[in-house]
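# Descriptive structure summary
Below are the chains, spelled out letter by letter.
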Amino acid sequence: MPGEQSQQVPIKIVALNGSPRKGGNTDLLIGEFLAGAREAGAEGEVVYLDDLTIRPAAELGDVQKERVDLRADDDCRSVLDKVIAADIVVIGSPVYWQGVTAQLKCFIDRFSCHYAQPWFNEGMKGKIWAALVPFGASDPDEAEWVTRPLEIWVGHFKGQYAGAVAVSAFRKGAVADKPEAMQAARELGRQAVQTRRF
């Protein structure tokens, strides 16, 4: 109707927490990211992958278009549906032996079951992605074991990489004593929403 203000659809965020430690550094960074995103008008949800049953990918067929997920009876598809419905996807994971946690890797590997399906590729296209990466090592480049693969995934899905907050924080909850990292996560949340909006 003329003169009526249109209702803006909230931007949806799903944060995949690959850490098994609730209240840990990954969890705290995600909380700050979502706080900043909500300040910018978005809606956010955290998925604690360790609470779910997501098995490694089963045998994959040689013909990609004919592949099916042989383990579709677990929680993977419900999480994938949340990712597809989201505008912004946050990957939260500490660095475990030069990569993301097994909880997160099992979920990512299951993408291969749907790799050639139009619903999957269209649904994953054009999202904003961000990473939150605590790590125990002193080397500031340690986070690249998580962020570099993510940048490649983002390119594959024709998305946009909003950036990462990476911080050396070994003890559980230690990141709370690093206000600059917490503020950076909050600001990244705000920026990701603004990027998606404009």
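Parameters and conventions
Residues numbered from 1 in each chain as written. Predicted model: local features only at pLDDT ≥ 70, side-chain atom pairs only at ≥ 80, totals over all residues. Heavy atoms only, no water. Helix = DSSP H or I, 4+ residues; strand = E, 2+ residues; numbered from the N terminus. Rg over C-alpha atoms; globule rule 2.2 N^0.38 Å. Buried < 20%, exposed > 50% of the residue type's maximum accessible area, 1.4 Å probe, protein only. Contact = heavy atoms within 4.5 Å. Pairing = 2+ DSSP bridges. Right-handed = clockwise from strand over helix to strand, strands pointing away. Axes fitted to C-alpha atoms, helices over the stretch in contact; angles between N-to-C directions.

Moving on, we get to the overall build of the chain. Scanning the chain from terminus to terminus reveals six helices and five strands. Across the chain, helices and strands are ordered from the amino to the carboxyl terminus as β-α-β-α-β-α-α-β-α-β-α. For the chain, the C-alpha radius of gyration of 17 Å lies close to 16 Å, the compact-globule estimate for 198 residues. Overall size of the chain, expressed as C-alpha extent along the three principal axes, is 60 × 50 × 30 Å. By the burial criterion, 44% of the 198 residues in the chain qualify as buried. Pairs at least 24 residues apart make up 79% of the contacts formed inside the chain by residues separated by at least 6 positions.

A word on the pairing of strand S5 (residues 160-168). Here strand S4 (residues 128-135) runs beside S5; their pairing, made up of eight bridges, is parallel. Along S5, the bridge assignment pairs Ala130 with Gly163.

Let us now look at the pairing of strand S1 (residues 12-17). Extensive coverage of S1 is indicated by the burial of five of its six residues. Note that S1 and strand S2 (residues 43-48) share six bridges and pair parallel. Among the inter-strand pairings, Val14 is bridged to a residue of S2, identified as Glu45. Each parallel crossover has a hand, and the one from S1 via helix H1 (residues 25-39) to S2 is right-handed. Pairing of S1 with strand S3 (residues 88-92), which is carried by five bridges, proceeds in the parallel orientation. Counted as the bridge partner of Ala15 is Val90 from S3.

Right, let's get into the sheet that holds S4. The sheet built from five strands is open, its strands ordered S2-S1-S3-S4-S5 with parallel pairing. Only two strands of the sheet have a single partner each, and these edge strands are S2 and S5. Direction aside, the axes of adjacent strands within the sheet are offset by 15 degrees on average. Inspection of the sheet shows S3 paired to S4 by five bridges, in the parallel sense. Bridge pairing in S4 links Gly92 to Leu132. Against the sheet, helix H2 (residues 76-85) makes contact with S1, S2 and S3, and its axis sits at roughly 140 degrees relative to S1, the strand it touches most. On the sheet, helix H6 (residues 179-197) packs against S1, S3, S4 and S5 and is oriented at approximately 175 degrees with respect to S5.

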